[in-house]
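Residue-level structural notes
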Amino acid sequence: MTANISTRGRVLGIAYNVIPTADMERAAEWWTENFGFNARHHQEDSVSLFRDERPILHLIQSDDMSRAHFRVEGRKRWIITFFTDDIEFLHKRLLAKGVLVSEISYEGHNGNFFTMEDLDGNLFDVWEHREVELVY
């Protein structure tokens, strides 16, 4: 069954992701230092992180311990995958800065992956695939 979707009013992609944090200012500094994002739109309880002119993350001060991950059979799983053009360079740089990262998993036609945690224990996936072009 094929849906008849109009060319207007479609979802064109994901604008940004909202991430809970225990200390918004400290988290914004961590993301800026480790990923080169720039912080904008500072509010009392939130800040937006951009790559150039594109929003990436919106950090919100959380008053509980909710985090951006879930569990499957006891294993933590991420909800956001970042894309990189040089996974080995990024992996080495994050390791050198003390960021908690997994080993790189080389998965052939699926690309290369590793997971990482931010200061709050939010879990993220990092992906490199030389044959996939993402539009920013």
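Look up a bit, the structure's there.
Here, residues in each chain are numbered from 1, in the same order as that chain's written sequence. This being a predicted model, a pLDDT of at least 70 is required before a residue's local features are given, and a value of 80 or more before pairs of side-chain atoms are given or counted; all residues contribute to the totals for chains, interfaces and linings. For side-chain calculations, the full set of non-hydrogen atoms in the structure is used, while hydrogens and water are omitted.

1. Notes on the overall build of the protein chain
Basically, it comes down to this: To qualify as a helix, a DSSP run of H or I must reach at least 4 residues; to qualify as a strand, a run of E must reach at least 2; elements of each kind are numbered from the N terminus. Each residue's exposure class comes from its accessible area (1.4 Å probe, protein chains only) as a fraction of the maximum for that residue type: buried when under 20%, exposed when over 50%, partly exposed otherwise. Note on definitions: a residue-residue contact is assigned when non-hydrogen atoms from the two residues lie within 4.5 Å.
Tallying secondary structure elements over the protein chain gives two helices and eleven strands in all. Along the first, second and third principal axes, the C-alpha set of the protein chain runs to 45 × 35 × 35 Å. When each of the 136 residues of the protein chain is scored for burial, the buried share is 37%. Considering only contacts within the protein chain whose residues lie at least 6 apart along the sequence, 49% involve residues at least 24 apart.

2. Brief notes about the nonpolar core
The criterion, for reference: Here, nonpolar core means buried Ala, Val, Leu, Ile, Met, Phe, Trp, Tyr and Cys residues that are tied together by side-chain atoms lying within 4.5 Å of each other.
Grouped together as the largest cluster of nonpolar side chains are 26 residues, with contacts concentrated most on Trp-31, Leu-57, Leu-59, Phe-114 and Met-116. Listed by contribution, the elements that provide at least two residues to this core are helix H1 (24-35), strand E3 (46-51), strand E4 (54-61), helix H2 (87-96), strand E10 (112-117) and strand E11 (123-128). The element best represented in this core is H1, accounting for six residues.

3. Examining H1
For clarity, the cut-off: To estimate how far a helix should reach, multiply one less than its number of residues by 1.5 Å. Arc definition: it is the arc formed by the directions from the helix axis to the C-beta atoms.
The terminal C-alpha atoms of H1, which comprises twelve residues, lie 16 Å apart, in line with the 16 Å expected from a rise of 1.5 Å per residue. Turning to H1, its buried residues are Met-24, Ala-27, Ala-28, Trp-30, Trp-31, Asn-34 and Phe-35. The arc that holds every buried residue of H1, seen down its axis, measures 160°, which confines them to one face. Of the exposed residues in H1, those oriented more than 90 degrees away from the buried face are Arg-26, Glu-29 and Glu-33.

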